[in-house]
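The residues making up each chain are set out below.
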Amino acid sequence: MQLDEFDRKIVAVLAREGRATAVELSARVGLSPSACTRRLQSLEASGVIAGYRATIDPETVGLGVKAFVEVSLERQNDETLQAFEAALAKCPNVLSCHLMSGGSDYLIELVAEDLSDFARLHANVLSRLPGVARIESKFALRQAVDRPLVPIG
């Protein structure tokens, strides 16, 4: 979908403030509420806006450790990849997982209560996933950049 200036403004406002009403959104982007609503519906229907959700601060709900875990598999065939991904998807501590190029097969972002909880996840979940050959974990000390909007220049 080709985005014009108004579409970009709508997406930018919603990325920062997902609860903005159609009236608030229209005032910010310079369109009438009905025109803004039509554009919003079009952006949703085309998949540009994939959904809405609340952003939860992990620390405030007792998940103060964020780790990035690189996993290498024994084999990279479709059956192994699918089995690994299906099993990993069952772990609620996993925030995201990406199949990667380079030295490791997957990069997993996950949260844990503390280092003891992470150790439990490592021993009882990550190391028992199908096809795992190697695990390397890195811990986030702080987040330096967080962008809710993908660059849609």
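Residues numbered from 1 in each chain as written. Predicted model: local features only at pLDDT ≥ 70, side-chain atom pairs only at ≥ 80, totals over all residues. Heavy atoms only, no water.

> Would you mind going over the side chain of Ser26 in detail, with residue names and values included?
One can find Ser26 in helix 2 (residues 22-29). A polar contact is formed between the side chain of Ser26 and the backbone oxygen of Val23, at a distance of 2.8 Å. Apart from residues no more than four positions distant in its own chain, Ser26 is found in contact with Leu31, Ser32, Pro33 and Cys36. (Helix = DSSP H or I, 4+ residues; strand = E, 2+ residues; numbered from the N terminus. Polar contact = N/O pair within 3.5 Å; in protein donor to acceptor, adjacent residues only side chain to side chain. Contact = heavy atoms within 4.5 Å.)

> Provide a residue-level description of the side chain of Ser104, including the pertinent values.
Locating Ser104 in the fold gives a position in the loop between strand 2 (94-99) and strand 3 (106-112). Owing to a relative accessible area of 6%, Ser104 belongs among the buried residues under this scheme. Separated by 3.0 Å, the side chains of Ser104 and Arg134 make a polar contact. When neighbours within four sequence positions are excluded, Ser104 is seen to be in contact with Glu70, Val71, Ser72 and Arg134. (Buried < 20%, exposed > 50% of the residue type's maximum accessible area, 1.4 Å probe, protein only.)

> Provide a residue-level description of the state of the cysteines, including the pertinent values.
Disulfide: a covalent bond connecting the sulfur atoms of a pair of cysteines. If you walk through the whole model with that rule in mind, you get zero disulfides. Lacking any disulfide linkage, Cys91 is separated from the closest cysteine sulfur, that of Cys97, by 11 Å. (Disulfide = S-S within 2.5 Å.)

> Pulling in residues and values, what's your account of the layout of surface pockets?
Where empty space is left in the structure can be found by rolling a water-sized probe over the atoms. Approximately 1,500 Å³ is the volume attributed to the largest pocket. Lining the largest pocket we find 38 residues, and of these Arg53, Ala54, Thr55, Asp146 and Pro148 sit closest to its centre. When contributions to the lining of the largest pocket are tallied by element, the ones reaching two or more residues are helix 1 (5-16), strand 1 (65-73) and strand 3. Looking at the lining of the largest pocket element by element, the count peaks at four residues for helix 1. Here the lining of the largest pocket is composed, by residue class, of 22 nonpolar, five polar and 11 charged. (1 Å grid on protein atoms, 1.4 Å probe; cavity = no way out; pocket = protein on both sides within 12 Å on 5 of 7 lines; lining within 4 Å. Points joined across faces, edges and corners; volume = space filled by probe spheres on them. Nonpolar A, V, L, I, M, F, W, Y, C, P; charged D, E, K, R; others polar.)

> Any details on the sheet that holds strand 1? Residues and values, ideally.
Sheet strands associate in pairs through backbone hydrogen bonding, adopting either a parallel or an antiparallel arrangement. Spatially, the four strands line up as an open sheet ordered 2-3-1-4, and their pairing is antiparallel. One side of each edge strand has no neighbouring strand; the edge strands of this open sheet are strand 2 and strand 4 (132-139). With strand direction ignored, the average angle separating the axes of adjacent strands in the sheet is 20°. Bridge count between strand 1 and strand 4: seven bridges; the pairing is antiparallel. In the sheet register, Val69 faces strand 4, and the bridge partner there is Ser137. Across the face of the sheet, helix 5 (residues 115-124) comes into contact with strand 1, strand 3 and strand 4 while running at roughly 135° to strand 3. (Pairing = 2+ DSSP bridges. Axes fitted to C-alpha atoms, helices over the stretch in contact; angles between N-to-C directions.)

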